[in-house]
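# Chains, contacts and geometry: an overview
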Amino acid sequence: MKALLCKEFGMPETLVLEDIEPLKAEAGKVVISVKACSVNFPDTLIIRNLYQFKPALPFSPGGEVSGLVKEVGEGVKHLKVGDKVFAMTGWGGMAEEVLVDARRVFPMLPKMDFVTAASVMYNYGTSYHALKDRAELKSGETLLVLGAAGGVGLAAVELGKLMGAKVIAAASSDEKLAVCKEKGADFTINYLTEDLREQIKTITEGKGVDVIYDAVGDKFAEPALRSIAWKGRYLVVGFAAGEIPKIPLNLALLKGCAIVGVFWGQFAEKEPAQNFKNIQELAGHFMQGRLRPHIHKLYTLEEAAESLNDLMNRKVVGKAVVVTSDEVKMPIYAQLESKQPEVKAETTPVKSQEMLIFKDIEALKGYVGKELGTSEWQILTQDKINAFAAATLDDQWIHVDEEKAKLSPFGKTIAHGFLSLSFSPKFMYEMFKVESAKMGLNYGTNKVRFISPVPVGSRVRMKATLKEVEDMQPSGAKLIIDAVFELEGSEKPACVAELLSVIYE
Ligand SMILES: NC(=O)c1ccc[n+]([C@@H]2O[C@H](COP(=O)([O-])OP(=O)(O)OC[C@H]3O[C@@H](n4cnc5c(N)ncnc54)[C@H](OP(=O)(O)O)[C@@H]3O)[C@@H](O)[C@H]2O)c1
C-alpha cells in the first residue's frame, strides 16, 4: 500500500511517497482503507517535530480520516469489515491504510460522503466546544472570529451564526472573507488592510464584541482584546501565526472579561459524556443540512505534501482534503458552492430566470440557506379572483362585486390573501427541480402573514429561500421554504410564508 512517509523531520518537501507492507489489525484496533484524509494544522507541526505528540520515525502525517473498515482486531465489537467509518487517528492518515484504536473510530452518518466525513470532527468539535461550553455564547451576542477562513475559524463562523450570534469574520484577504460571508458572517474585516480596532468599534457602535474566537494569536490578540465588551469572553484557541502573544493582564480587569483556554482534545478525554453530547448535536445539524464544511480542494496522495505547504502558506480556505483514489469526488454541495448550482436554461415557456436543477436530495441539502430565486410575475385578474371565490365559497363583495368595491377605500376589488399564496406550487415549479424525485407535494404552510391588500390587476411574484431539508423515511425529504410574495410597485410584500413540501425519491 502507498503511504506518504516522514522519515526525517522537516518541511513537507522532505516527505516521500512509498509502497509499504499492508497493515495488520491488532487487538482493540482496526485497519481502515482510507478514502479521504483532511489536512489539519497539527499535521504541519508533527512533521517538523514541533507537536505535542511525537510518533516514532518513519510515520505518515494525517490525523482525521474516513474510509472502510478492512480488518478488525481481537476484542473489537462495534465495528465490522466493510463499515463506512471516520476516525481521529492522530497521524498515519495520509496513506492507503491506517491502523487505529477502535475507540477513535465512528460509523459515518447515513448518506454522508467520505470527503465530508473526514472534514468535520476536528473543526466543528473544537469550535462547538469553544463557543458552547467555554464562551457560553448566547443568541444576539456579537462574535469576532480571527482567522475566520481557516479550518476551525470557518466552523466557528457557521456555528456562531447557527447559535444566533452576530458574526464578525476577520481574515487576510477579500477572497477569504467572501467565503466567510457565504457561510453566514454578518460583517467582515480584512485585518491586513483595515484597522481591526476601528472596524470593531464601527460595527459594534462602540460597545465592543462579546466573544472573541482567536485561532491565530500573534499581533491581533491584543488589539482584539482591547475591543472586547464588558464581561466579554476571549477564547484562546490556537497560535497559527506562530507567536504566542503576551497579554497585559490589566486588560482583563478593566474589561471585566474572561480569558478562556480551549483544548478540545483534553475536553474529549476528560469529559467524554459532554463531548459525546456535543457530537450528537453536531450530527443532528449535519443531517438537517444546517452545517457544511467548505472544501478548498481535493489533493491526491502524490499531491499530499503540496496540501501541507498550501496550509502553511495560508492558501487554504476551509478544509484541504487528500483522497486516495479519483473515485472519491468533491461533495455535491461543495461543487454548488464553488460554481453555483448546475443551471440549465428552460426552453418553454420563456423565463427571465433559469431553473435550478438538483441531482438529488443530497444536492438540495447543500443549498440550504440560499436563495432559490424569484418567480415570474402573476397578474391577479378579476377572472382569477372570481374563480377562487367560487372554488373556496368565499364570495364576499370586496372580492367579487366590482361596482360596490369602487366605493371602498381601495376603489376596486381585492384578491383573497390566499389567492397569492395559492400560486406557490406554480412559482416553485418555475424555480427548481430535483431530478431524482419520483413525486413531490406542496402541501401547506407553517406560518403565514398577510401584509398588504392586493387590489385586482396587481402583479405578484415569489422570492424563495431554501430554509431546511429534513430527511424522511424511507427515502424522501421535507422541505421548508421561506417565501416572500412581492407586490409590484409596493415596498411591502403581499404576504410572507414558510412553505412546506415533500419529495420522494
Ligand atoms: N485548542 C484546540 O483545541 C484546537 C483545536 C484545533 C485547532 N487548534 C489550533 O487552531 C489553529 C488553527 O487551526 P486550523 O486547523 O484552523 O488551521 P488553518 O486552517 O491553517 O487556519 C489558520 C488560519 O490562521 C491564519 N494565519 C495567520 N497567520 C498564519 C500563519 N503564519 N500560518 C498559518 N496560518 C496563519 C490564516 O488565516 P489568514 O490568512 O486569514 O490570516 C489561516 O486561515 C492552530 O494553531 C491549531 O493548532 C486548536
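The text that follows walks through the structure, step by step, so that each part is easy to find. Note that the structure is predicted; figures quoted are calculated from it, not measured. (Residues numbered from 1 in each chain as written. Predicted model: local features only at pLDDT ≥ 70, side-chain atom pairs only at ≥ 80, totals over all residues.)

## Considerations on the sheet that holds strand β10 (residues 187-190)
Rules: If DSSP finds at least two bridges between two strands, the strands pair. Each helix corresponds to a stretch of at least 4 residues labelled H or I by DSSP, and each strand to a stretch of at least 2 residues labelled E; elements are numbered beginning at the N terminus. Lines fitted to C-alpha atoms define the axes, with helix axes restricted to the stretch in contact, and inter-axis angles between N-to-C directions lie between 0 and 180 degrees.
Here we have six strands laid out as an open sheet, ordered β10-β9-β8-β11-β12-β13, and parallel in their pairing. The sheet terminates laterally at β10 and β13 (258-261), the two strands that pair on one side only. Each strand axis lies, on average, 20° off the axis of its neighbour in the sheet, ignoring direction. Direction of pairing for strand β12 (residues 228-236) relative to β13: parallel, over a ladder of four bridges. In the strand pairing of β13, L235 is matched with V260.

## What to know about the packing of helix α3 (residues 121-134) against helix α10 (residues 272-287)
We count it as follows: Orientation is classified from the angle alone, with under 35 degrees giving roughly parallel, over 145 giving roughly antiparallel, 65 to 115 giving roughly perpendicular, and any other angle giving oblique. We call two residues in contact whenever the C-beta atoms placed from their backbones are within 7 Å. Think of it as three bins: nonpolar holds Ala, Val, Leu, Ile, Met, Phe, Trp, Tyr, Cys and Pro, charged holds Asp, Glu, Lys and Arg, and polar takes everything else, Gly as well.
As a packed pair, α3 and α10 sit with axes 10 Å apart at the nearest point and diverge in direction by 110°. Taken together, the axis directions place α3 and α10 in an arrangement best described as roughly perpendicular. Here Y124, G125, Y128, H129, K132 and D133 of α3 come into contact with α10, specifically with Q274, N278, I279 and L282. Looking at side-chain class alone, the contact of α3 with α10 contains four nonpolar, four polar and two charged residues.

## Description of the pairing of strand β22 (residues 459-472)
Two strands pair when backbone bridges link them, and strand β18 (residues 371-374) and β22 are joined in this way by three bridges, in the antiparallel orientation. Looking at the pairing, E371 lines up with T465 of β22. Two elements, strand β19 (residues 378-379) and β22, share two bridges in a ladder whose sense is antiparallel. For Q378, the partnering residue across the bridge sits in β22 and is V460. Where β22 folds back on strand β23 (residues 476-487), the antiparallel hairpin that results is connected by three residues.

## A few points about the site of the ligand
Under the convention used in this document: Think of it this way: take the backbone, place a C-beta atom on it, and check whether that atom is within 6 Å of the molecule or strand, in which case the residue is near it. Throughout, the edges of the domains are those of an automatic or database domain assignment.
By nearness alone, 28 residues border the ligand, and G147, G150, G151, A171 and G238 come closest of all. At three residues, the largest contribution of residues to the shell around the ligand is made by helix α4 (residues 151-162). Among the residues forming the shell around the ligand, the class breakdown is 16 nonpolar, 10 polar and two charged. Two domains each provide a minimum of three residues to the shell around the ligand, namely domain 1 (2-119 + 294-323) and domain 2 (122-267).

## Structural notes on the environment of L162
Rules: The burial label depends on the number of other C-beta atoms within 10 Å of a residue's C-beta. Counts of 20 or more mean buried, 12 or fewer mean exposed, and intermediate counts mean partly exposed, with C-beta atoms placed from the backbone.
Residue position: L162 is located in helix α4. L162 sits in the partly exposed class, given 15 other C-beta atoms within 10 Å. In this structure the C-alpha to C-alpha distance between L162 and E26, which are 136 residues apart in sequence, comes to 41 Å. Those residues in contact with L162 that sit more than four places away from it in its chain are H285 and R290.

## Section: the nonpolar core
The condition that has to hold: In this usage, the nonpolar core is the set of buried Ala, Val, Leu, Ile, Met, Phe, Trp, Tyr and Cys residues whose C-beta atoms join them within 7 Å.
Core analysis: the largest hydrophobic core is formed by 144 residues, its most contacted members being L144, V145, A148, A169, A170 and Y213. The contacts of V145, once residues within four sequence positions are left out, are G153, A156, V157, G160, V167, A169, A170 and Y213.

## Notes on unusual backbone geometry
Most peptide bonds take the trans configuration, and most residues that are not glycine carry a negative phi. Going from L57 to P58, the amide bond is cis rather than trans, its omega being -10°. Assignment of secondary structure puts P58 in the loop between α1 (41-46) and β4 (64-72). In this model, Q473 is joined to P474 through a cis peptide bond whose omega is 0°. Mapped onto the elements of the fold, P474 is located in the loop between β22 and β23. Residue E136 is not a glycine yet carries a positive backbone phi of 50°. With respect to the secondary-structure elements, E136 resides in the loop between α3 and β8 (142-146). A residue is classified by how many C-beta atoms lie within 10 Å of it, and E136, with 12 of them, is exposed.

No statement about biological role is implied by the geometric values presented.
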